[in-house]
Amino acid sequence: MSKSVNELGPMILNVKGVWKSFEDKDVLKGIDLEVYRGQIVALIGSSGSGKSTLLRSVNLLEEISDGQILLNDVDIADPRINQDEVRRQIGLVFQAYNLFAHLSILENITLALRHVQGLEAEEAKTKALALLDRIGLLEKANEYPDKLSGGQQQRTAIMRAVALNPTLLLLDEVTSALDPELVSEVLELIRDLKASGTSILMATHELSFARDVADWVVFLDGGVIIEEGPAKDFFENPKMPRTIEFLQRLRRRAGEQ
């Protein structure tokens, strides 16, 4: 990135020369990436470009083949690291919500607060209710996930991750399963999280979503970063032919829909 630490604040995540191979296939090929405090970095690219693998590697769900992943200057890819402790610092939300169907949305949030942060039941409930109020779902606290819209479920899943005060929040295609009119609900929540200083690394295939919320955009293709830059510059003036081709194709597809 061309921005200095003074302009952006402390660096939260520093991915350095990361490779990931599955058997004889290289999925990530020397990825360098930075995320600063309060910054939203969007990963875009076709299916199979390496976006989700990169997120899973940062959360230690995948073991990298080479390189370093520094979280607050600590190499969390070091095999000697306490992975459970690292995951307490990183929130990860998938496109499928992954809420527990047999628990109310209040219980979905209090579960992590009690078992990960060790809060007493009443303290966890008070915090969870405040979080639900923040996203306009207080009256739904005792409802089960199947009674909520997709947008409400996704906002709950994101807030469940945020409840643990993660150093870094990872979002993997969190709007892809939503109807277009529900995307704005998630968009607004992510804007609020950014305003509160949350650092976010997200993968998305929706250009408008990335353009609206991201500070920095990274285009991945075949496990390689083809181009990156500030969101406005990236979308208005892409430099690399492969980037231009990719953006034009997605825009044509969106126009056809």
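Our subject is the structure that appears above.
Residues numbered from 1 in each chain as written. Predicted model: local features only at pLDDT ≥ 70, side-chain atom pairs only at ≥ 80, totals over all residues. Heavy atoms only, no water.

**Examining the sheet that holds strand S6 (residues 90-93)**
Convention followed: Here a strand pair is declared whenever DSSP counts at least two bridges between the two strands. Elements are defined by DSSP. Helices are runs of H or I of four residues or more, strands are runs of E of two residues or more, and each kind is numbered from the N terminus. For helices, the fitted line uses only the C-alpha atoms of the stretch in contact; every axis is such a line through C-alpha atoms, and the angle between N-to-C directions lies from 0 to 180 degrees. Should any heavy atoms of two residues lie within 4.5 Å, those residues are considered in contact.
Taken together, six strands build an open sheet; the order of strands is S6-S7-S8-S3-S9-S10 and the sheet is mixed. The strands lining the two open edges of the sheet, one partner per strand, are S6 and strand S10 (224-230). With direction set aside, neighbouring strand axes in the sheet form an average angle of 15°. Strand direction decides the pairing type here: S6 and strand S7 (residues 168-172), joined by four bridges, are parallel. Note on S7: the bridge partner recorded for leucine 92 is leucine 170. Strands in contact with helix H2 (residues 51-58) are strand S3 (40-44), S6, S7, strand S8 (200-203) and strand S9 (216-221); relative to S7, the strand with the most contacts, it is inclined by about 150°. Contacts from helix H6 (residues 150-162) reach S6 and S7 within the one sheet, and its direction differs from that of S6 by about 165°.

**Some thoughts on helix H4 (residues 105-115)**
Using the following cut-off: Think of it in three bands: residues with accessible area under 20% of the maximum for their type are buried, residues over 50% are exposed, and the middle band is partly exposed, with areas taken using a 1.4 Å probe on protein chains only.
Every buried residue of H4 is accounted for by Ile105, Leu106, Asn108, Ile109, Thr110, Ala112 and Leu113. Those residues of H4 that are buried lie in contact with helix H5 (121-134) and H6.

**Focus on the packing of aromatic side chains**
Definition in use: Any Phe, Tyr or Trp ring, taking Trp's six-membered ring, that has another such ring centre within 6.5 Å forms a pair; planes under 30 degrees apart are called stacked, those over 60 apart edge-to-face, and the others tilted. Any Lys NZ or Arg CZ found within 6 Å of a ring centre and within 35 degrees of that ring's normal is scored as a charge over the ring.
Scanning all chains against the criterion turns up two aromatic pairs. With centroids separated by 4.7 Å and ring planes inclined at 25°, the aromatic side chains of phenylalanine 219 and phenylalanine 246 adopt a geometry described as stacked. Residue phenylalanine 219 is found in strand S9, and its partner phenylalanine 246 is found in helix H10 (residues 241-256); the two are separated by 27 residues along the sequence. Considering the side-chain rings of phenylalanine 234 and phenylalanine 235, the 5.3 Å spacing of their centres and the 85° angle between planes classify their relative orientation as edge-to-face. Over the aromatic face of phenylalanine 235 sits the side chain of arginine 211, whose NZ or CZ is 5.7 Å from the ring centroid.

**Describing the pairing of S3**
Burial analysis of S3 places five of its five residues in the buried class, the great majority of the element. Here S3 shows a buried face lined by Ile40, Ala42 and Ile44 and a second buried face lined by Val41 and Leu43. Strand direction decides the pairing type here: S3 and S8, joined by four bridges, are parallel. Residue leucine 43 lies in a different strand from S8, and its bridge partner there is alanine 203. Sheet analysis places S3 next to S9, joined by four bridges and oriented parallel.

**Some points on the pattern of salt bridges**
Note on pairing: side chains with opposite charge can pair once their charged atoms come close. Keep this limit in mind: By definition, a salt bridge exists where a carboxyl oxygen of Asp or Glu is found within 4 Å of a side-chain nitrogen of Lys or Arg.
Taken as a whole and judged by the stated rule, the model has eleven salt bridges. As a salt-bridge pair, lysine 20 and glutamate 62 come within 3.9 Å of each other at their nearest N and O atoms. Remark: glutamate 62 occurs in the loop between H2 and strand S4 (66-71) and lysine 20 occurs in strand S1 (residues 11-22); sequence separation between them is 42 residues. Like glutamate 62, lysine 20 is buried. The closest approach of N and O atoms between arginine 242 and aspartate 221, which form a salt bridge, is 3.1 Å.

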